[in-house]
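# Results of the structural survey
Spelled out from the first residue to the last, the chains are:
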Amino acid sequence: PCDLDSMPNLELSAVAPTFLTFPVHQSPRKESCPLRLWTEKQGQTIRLEVMSRDTECGPRGVTVLDGYTVKAPSFGSLCDNRVIRGSSHNMVLNPVERTRTADVYIKLSVLNASCNGIVQKKKAIHDQVSKLPELANSETGQAHDLNCTYLLESDRSSDLVEVSLKGSLVAWGEYDCHGDFVTFYDGNSTSSPVLTTWCGTPGQARRVVSTGPRILVILTTDSYHSYLGVKMTYYALPKEGNCPRETILTANSTEQRFTSPNYPMYYPMNSYCTYKLTAPLEQHVILEVTFSSLENDCSDKVQVYDGHEQAHENYLGRWCGDERPQFRSKGNKLLLLFSADDEYNTGGFEAKFRAVAEENSLLFPITIGILLLLIIVSIVAVVIYICVHRKRKLQRT
């Protein structure tokens, strides 16, 4: 019988959507029975979408209840609603008139509470890489029918927010985003400019950066195929290129240090920083890189020049990746140019420098001259000794 206290139950799968035609059960008297839907975890909710229904609805319709029993709050009839999102892990489908219920074909999806269309605010922090909830794993792929919305924002109006992405929402070899994708808005609402729509196709950038302190992230998936999924991390950083255009450093006998912007965290993308090191006259600048974490392909790099002019004849070398070279100026000046692109950024670099006295230019030739003189005197003395020794020997004989 259609007992409201022991109505039929249907557990929904979080892996894939469930498609069914309601009513499912009927009593011996041909009455359509209510159906209780539920999910495994209480933190999940149910999304119902009407795929097709009888054209004659009205009194033959189905009421949707947001809860465990028929006394739960009503969303209204499936005649009036095409998509219904529940607020709990239970939902009841209750026929309006049990003896003349029209068939309705519906799709039921399990959503995480965070993916129910509600905007979740997340704080983006300097020196801290945070993660959005993982929406992928290698076994099941991403879930279906998601509408995950996150507003990532920094407390500083001068900041940007950067999001990094891993994974894929399309099949291998696909070049178009359709069905499953992530949309990034350059602001706090969907009326803000769209930065990009990402699904992990070949050639798509794996990092997205806002132009201000807020970025709205919306992940949408459909009811069909699922692939690798997506993992997203984010953090706040200074506005791009936020380093002094020219940093003047004075070298002396005391060891000093300088770093890339925002060190030891990620330096801003599109950085272009100039460092001018100067030692007292007749001294040299000694530079030693103590830490480096730049892109290995040298798209982010530091170039070093002798003097303060960026000229080919002054070029001493460069470093990138994890290289830790040393440089010595020919005169009393060094020029360093740190440049970064807009694709990827890492931990930056740290270097130390000091001034050393110039070697006396006459000391070396004088030393060599003295040594040569000593050699000549020694040779002459030996020759004289041999000659004297032979003369005495002849006199004895």
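Computed from a prediction, not measured in an experiment: that's the story for all the values here.

Time to look at the packing of aromatic side chains. A full pass over the atoms with the stated rule returns twelve aromatic pairs. Residues Tyr 267 and Phe 338 carry aromatic rings whose centres are separated by 5.2 Å and whose planes lie at 90° to one another, so their mutual orientation is edge-to-face. Taken together, the residues Tyr 267 in the loop between β20 (256-259) and β21 (272-278) and Phe 338 in strand β26 (residues 333-339) connect sequence positions 71 residues apart. Each member of the pair, Tyr 267 as well as Phe 338, is classed as buried. Between Phe 338 and Phe 349, the aromatic rings sit 5.4 Å apart at their centres with planes inclined by 75°, giving edge-to-face as the arrangement. Taken together, the residues span a long stretch of sequence, with Phe 338 in strand β26 and Phe 349 in strand β27 (residues 348-357) at a distance of eleven residues. Taking relative accessible area as the criterion, Phe 349 reaches 0% and is therefore assigned buried. One aromatic cluster in this structure is built from Phe 258, Tyr 267, Tyr 275, Trp 319, Phe 327, Phe 338, Phe 349 and Phe 353.

Quick look at the pairing of strand β13 (residues 159-168) now. Within β13, nine of the ten residues are buried, which leaves it mostly tucked inside the rest of the structure. Pairing analysis gives ten bridges linking β13 to strand β18 (residues 229-238), with the strands arranged antiparallel. Within β18, the residue paired with Gly 167 across the bridge is Val 230. Both β13 and strand β16 (residues 207-209) contribute to a ladder of three bridges, which runs antiparallel. Following the sheet pairing, Ser 164 is matched in β16 by Arg 207.

Our next topic: a nonpolar patch on the surface. Together, Ile 366, Ile 368, Ile 370, Leu 371, Leu 372, Leu 374, Ile 375, Ile 379 and Val 383 give the surface a local cluster of nonpolar side chains, amounting to about 820 Å² of exposed area. Inspection of the secondary structure assignment puts Leu 374 in helix α1 (residues 363-396).

Here the focus is unusual backbone geometry. The omega torsion across Phe 22 and Pro 23 is 10°, close enough to zero to call that bond cis. If you trace the backbone, Pro 23 turns up in the loop between β2 (18-22) and β3 (35-38). Of note, the amide linkage connecting Tyr 263 to Pro 264 takes the cis form, showing an omega dihedral of 10°. Turning to its location among the elements, Pro 264 is positioned in the loop between β20 and β21. Positive phi outside glycine occurs at Cys 298, with the angle close to 65°. Looking at where Cys 298 falls in the secondary structure, it is placed in the loop between β22 (283-293) and β23 (301-306). Cys 298 gets classed as buried once you look at its relative accessible area, which sits at 11%.

This paragraph deals with the sheet that holds β3. One open sheet accounts for five strands, arranged β1-β3-β8-β5-β6; its pairing is mixed. Where the open sheet ends on each side, the last strands, each with one partner, are β1 (9-11) and β6 (74-77). Between one strand and the next, the sheet's axes are offset by a mean angle of 20°, whatever the strand orientation.

A word on the state of the cysteines. Per the counting criterion, the structure on display carries two disulfides. Each disulfide pairs two cysteine sulfurs, and for Cys 298 the partner residue is Cys 320, the sulfurs being separated by 1.8 Å. In this structure, the disulfide formed by Cys 298 and Cys 320 twists by about -40° around the S-S bond and is classed as left-handed. You can see Cys 298 sitting in the loop between β22 and β23 and its partner Cys 320 sitting in the loop between β24 (315-319) and β25 (326-328), a full 22 residues away along the chain. Note on accessibility: Cys 298 and Cys 320 belong to one class, buried.

For the rest of this paragraph, the subject is the pattern of salt bridges. Any two side chains of opposite charge can pair, so long as their charged atoms come close to each other. Applying the stated criterion across every chain, the model contains eleven salt bridges. Between Glu 49 and Arg 82 there is a salt bridge, with its nearest N and O atoms 3.9 Å apart. Here the residue Glu 49 occupies a position in strand β4 (residues 44-53), and Arg 82 occupies one in the loop between β6 and β7 (83-85), the gap between them amounting to 33 residues. Under the relative-accessibility criterion, Glu 49 is labelled buried at 13%. Using a relative accessible area of 48% as the deciding quantity, one classes Arg 82 as partly exposed. Across the salt bridge formed by Lys 352 and Glu 255, the nearest N and O atoms sit 3.5 Å from each other. Here Lys 352, found in strand β27, pairs with Glu 255, found in the loop between β19 (247-250) and β20; they are 97 residues apart in sequence, far enough to count as distant. The exposure class assigned to Glu 255 is partly exposed, which follows from its relative accessible area of 42%. Look at the salt bridges and you will find they share partners, linking Glu 255, Arg 257, Glu 288, Glu 350 and Lys 352 into a network.

What follows covers the sheet that holds β18. As summarised here, the arrangement of the four strands in space is β11-β18-β13-β16, forming an open sheet in which the pairing is antiparallel. Every interior strand has two partners, whereas the edge strands, β11 (130-131) and β16, have only one.

About the criteria used
Residues numbered from 1 in each chain as written. Predicted model: local features only at pLDDT ≥ 70, side-chain atom pairs only at ≥ 80, totals over all residues. Heavy atoms only, no water. Phe/Tyr/Trp six-rings, centres within 6.5 Å; stacked < 30°, edge-to-face > 60°. Helix = DSSP H or I, 4+ residues; strand = E, 2+ residues; numbered from the N terminus. Buried < 20%, exposed > 50% of the residue type's maximum accessible area, 1.4 Å probe, protein only. Pairing = 2+ DSSP bridges. Patch = residues over 30% accessible without salt bridge, like charges linked within 9 Å, V, L, I, M, F, W, Y side chains within 5 Å. Areas by Shrake-Rupley, 256 points an atom, 1.4 Å probe, with all protein chains shown as cover. Salt bridge = Lys/Arg side-chain N within 4 Å of Asp/Glu carboxyl O. Axes fitted to C-alpha atoms, helices over the stretch in contact; angles between N-to-C directions. Disulfide = S-S within 2.5 Å.

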